Amino acid sequence: MQKIEPQEAEISTDGCINARRDYILGLWAGRQLGLRDDELQHYVRDVMHTDQMTPGFDPMINKVATDFSKNGIALANTQIRMAFLNAERTARAEMLTTD
């Protein structure tokens, strides 16, 4: 059995949480945009890719806000931030309930 240092485990766990958070946020935003099936999955991948290319809170919020604006959806950045935080909480809770 390979020994994993605590720091390595934390980095790995954070990566999993971030990926799950991004997925959840992408689903939420895509559904707000009225996307379904393949379009929805493609949009989720775009949201996840945004975080991979430019990690952080603001680039993802800006992407979703821009997409909403382009599609005539009036949602304040604070509402999008709340969805982001809810996605983060959900992802963390899911990680705590798995092995």
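The structure this text deals with has already been given above.
Small disclaimer: the values here were computed from a predicted structure and weren't measured. (Residues numbered from 1 in each chain as written. Predicted model: local features only at pLDDT ≥ 70, side-chain atom pairs only at ≥ 80, totals over all residues. Heavy atoms only, no water.)

A look at the packing of aromatic side chains
The full count for this structure, using the stated rule, is two aromatic pairs. Pairing phenylalanine 57 with phenylalanine 84 gives two aromatic rings, centres 4.3 Å apart and planes at 80 degrees, and the pair type is edge-to-face. Placement of the pair is phenylalanine 57 in helix H3 (residues 57-70) and phenylalanine 84 in helix H4 (residues 77-96), with a sequence separation of 27 residues. (Phe/Tyr/Trp six-rings, centres within 6.5 Å; stacked < 30°, edge-to-face > 60°. Helix = DSSP H or I, 4+ residues; strand = E, 2+ residues; numbered from the N terminus.)

Describing the pattern of salt bridges
The final tally for this structure, using the stated rule, is seven salt bridges. Here arginine 20 ties to glutamate 94 by a salt bridge, and the two come within 2.5 Å at their closest N and O atoms. Of this pair, arginine 20 sits in helix H1 (residues 6-32) while glutamate 94 sits in helix H4, placing them 74 residues apart in sequence. A residue is classified by how much of its surface remains accessible, and arginine 20, at 33% relative accessible area, is partly exposed. According to the relative accessible area criterion, glutamate 94 is partly exposed, its value standing at 28%. A salt bridge links glutamate 88 to arginine 92; the shortest N-O distance between them is 3.0 Å. Residue glutamate 88 and its partner arginine 92 are located together in helix H4, separated by four residues, close to a single helical turn. Salt bridges linked by common partners bring Arg21, Asp22, Asp51, Glu88 and Arg92 together as one network. (Salt bridge = Lys/Arg side-chain N within 4 Å of Asp/Glu carboxyl O. Buried < 20%, exposed > 50% of the residue type's maximum accessible area, 1.4 Å probe, protein only.)

Observations regarding the nonpolar core
Counting residues in hydrophobic clusters, the biggest one holds 21 residues, and the most contacted among them are Leu25, Tyr43, Val64, Phe68 and Ile80. For this core, the secondary-structure elements that each account for two or more residues are H1, helix H2 (37-53), H3 and H4. Setting aside anything within four residues of it in sequence, one finds phenylalanine 68 in contact with Trp28, Ala29, Gln32, Leu33, Ile73, Leu75 and Ile80. (Core = buried A, V, L, I, M, F, W, Y, C linked by side-chain atoms within 4.5 Å. Contact = heavy atoms within 4.5 Å.)

What about the packing of H2 against H3?
Two elements in contact, H2 and H3, have axes separated by 8 Å at closest approach and are oriented at 145 degrees. Judged by the twist between their axes, the crossing of H2 over H3 is right-handed. On H3, the residues touching Tyr43, Asp46, Val47, Thr50 and Asp51 of H2 are Pro59, Met60, Lys63, Val64 and Asp67. Residue classes in the contact of H2 with H3 are distributed as five nonpolar, one polar and four charged. (Axes fitted to C-alpha atoms, helices over the stretch in contact; angles between N-to-C directions. Left-handed = near helix turned anticlockwise from the far one by under 90°. Nonpolar A, V, L, I, M, F, W, Y, C, P; charged D, E, K, R; others polar.)

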